[in-house]
Amino acid sequence: MKKFLFVLMIAVSAFSFAPAAQGNETVEKLVLYLPNRVIDMFDLFSVSLGFGPKAQIELMATRMVGAGVSVGMSANLYKDCNRQYGWGLQNGWHWQLPGFMQEDIERLKTNRLVQSYWESFIGTPLPDQKIYAYNRGARDYWQLGGALGLLVCGELYLNPIEWADFALGFFFLDIKDDDLTFENFQ
């Protein structure tokens, strides 16, 4: 805790001299090193909890290799990929076998930190679709995990790209381009 407070004091000091420090990327990376590693650690997984007339069972090892079915509507709390934190409604249906899926799903009435979307799809999902954009998409193509529920539904997924971003972050590499900078505090 003392180390965290020390780093926080350094960060506050650096922000008071932000115009001079902004040009110096090294200072920025050092001052924000610990906060960025902590935030990257929370990005490693996605979890949601929903309540409503919904039935769901699903296992997934990427969007290509999954199996399951879901149908109904639920009000969800989200901690999702690409730093989506909050709530929203999810409505629709989905079924999947390895290599093929069909769905008509929408996420709506969300807070500003959770992306709304409507996805009506049949076929083989591919990672180049806009909804799966690895650094800004509403859904993670590469996620591993599952979902289960009847009236109360829960989802838990690991996000492999975030694991790589977390590991490489210790070496000052940010493959997701999501680390905090001084500009985030202005």
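What you see is a predicted model, and the numbers here were worked out from it, not measured in a lab.

Visitor: Can you walk me through the overall build of the chain in this structure?
Guide: Each helix and strand counted, the chain has 5 helices and 6 strands in total. Taken from the N to the C terminus, the helices and strands of the chain come in the order α-α-α-α-β-β-β-β-β-β-α. Within the span of the chain, comprising 186 residues, buried residues form 40% of the whole. In the chain, once contacts between residues fewer than 6 apart in sequence are set aside, the share between residues at least 24 apart is 54%. For the chain, the exposed surface amounts to about 10,500 Å²; the carbon and sulfur share of it is 72%.

Visitor: Honestly, empty space enclosed by the protein in this entry has me stumped. Any pointers?
Guide: Summary: where empty space remains is shown by rolling a probe the size of a single water molecule over the atoms. Counted under the stated rule, the structure contains 2 cavities of 30 Å³ or more. Of the pockets and cavities examined, the largest cavity occupies roughly 270 Å³. In terms of lining, the largest cavity is formed by 23 residues, of which the most central are Arg63, Gln90, Gln143, Glu155 and Tyr157. Taken together, the elements giving at least two residues each to the lining of the largest cavity come down to strand E1 (45-61), strand E2 (66-80), strand E3 (84-97), strand E4 (100-108) and strand E6 (144-158). A per-element tally of the lining of the largest cavity places E1 first, with 6 residues. Of the residues belonging to the lining of the largest cavity, the class tally is 7 nonpolar, 7 polar and 9 charged. Each pocket or cavity is described by its volume, and for the second largest cavity that value is around 70 Å³. What lines the second largest cavity is simply Cys81, Asn82, Tyr132, Ala133, Tyr134, Arg139, Asp140, Tyr141, Asn159, Ile161, Glu162 and Lys176. Looking at side-chain class alone, the lining of the second largest cavity contains 6 nonpolar, 2 polar and 4 charged residues.

Visitor: What's the story with the packing of aromatic side chains in this structure? I'm lost.
Guide: Aromatic rings in a pair are described by how distant their centres are and how their planes are angled relative to each other. Scanning all chains against the criterion turns up 5 aromatic pairs. The interplanar angle of 45 degrees and the centroid separation of 5.5 Å between the aromatic rings of Trp95 and Phe100 together place this pair among those described as tilted. According to the relative accessible area criterion, Trp95 is partly exposed, its value standing at 31%. Phe100 sits in the partly exposed class, given a relative accessible area of 32%.

Visitor: Help me understand the layout of surface pockets in this model?
Guide: Approximately 210 Å³ is the volume found for the largest pocket. Along the wall of the largest pocket there are 13 residues; nearest its centre are Glu28, Lys29, Asp179, Leu180 and Thr181. Secondary-structure elements contributing two or more residues to the lining of the largest pocket are helix H3 (25-31) and helix H4 (33-42). Within the lining of the largest pocket, the residues separate by chemical class into 4 nonpolar, 2 polar and 7 charged.

Visitor: Looking at this structure, how should I read the pairing of E2?
Guide: For a regular strand, the rule is simple: side chains alternate between the two faces of the sheet. Bridge count between E1 and E2: 12 bridges; the pairing is antiparallel. From the neighbouring strand, Glu58 faces E2, where its bridge partner is Gly68. Following E1, the chain reverses through 4 residues before pairing antiparallel with E2; Thr62 in that reversal takes a positive phi of roughly 90 degrees. From the end of E2 to the start of E3, which pair antiparallel, there are 3 residues, and Asn82 there has a positive phi angle of about 55 degrees.

Cut-offs applied
- Residues numbered from 1 in each chain as written.
- Predicted model: local features only at pLDDT ≥ 70, side-chain atom pairs only at ≥ 80, totals over all residues.
- Heavy atoms only, no water.
- Helix = DSSP H or I, 4+ residues; strand = E, 2+ residues; numbered from the N terminus.
- Buried < 20%, exposed > 50% of the residue type's maximum accessible area, 1.4 Å probe, protein only.
- Contact = heavy atoms within 4.5 Å.
- Areas by Shrake-Rupley, 256 points an atom, 1.4 Å probe, with all protein chains shown as cover.
- 1 Å grid on protein atoms, 1.4 Å probe; cavity = no way out; pocket = protein on both sides within 12 Å on 5 of 7 lines; lining within 4 Å.
- Points joined across faces, edges and corners; volume = space filled by probe spheres on them.
- Nonpolar A, V, L, I, M, F, W, Y, C, P; charged D, E, K, R; others polar.
- Phe/Tyr/Trp six-rings, centres within 6.5 Å; stacked < 30°, edge-to-face > 60°.
- Pairing = 2+ DSSP bridges.

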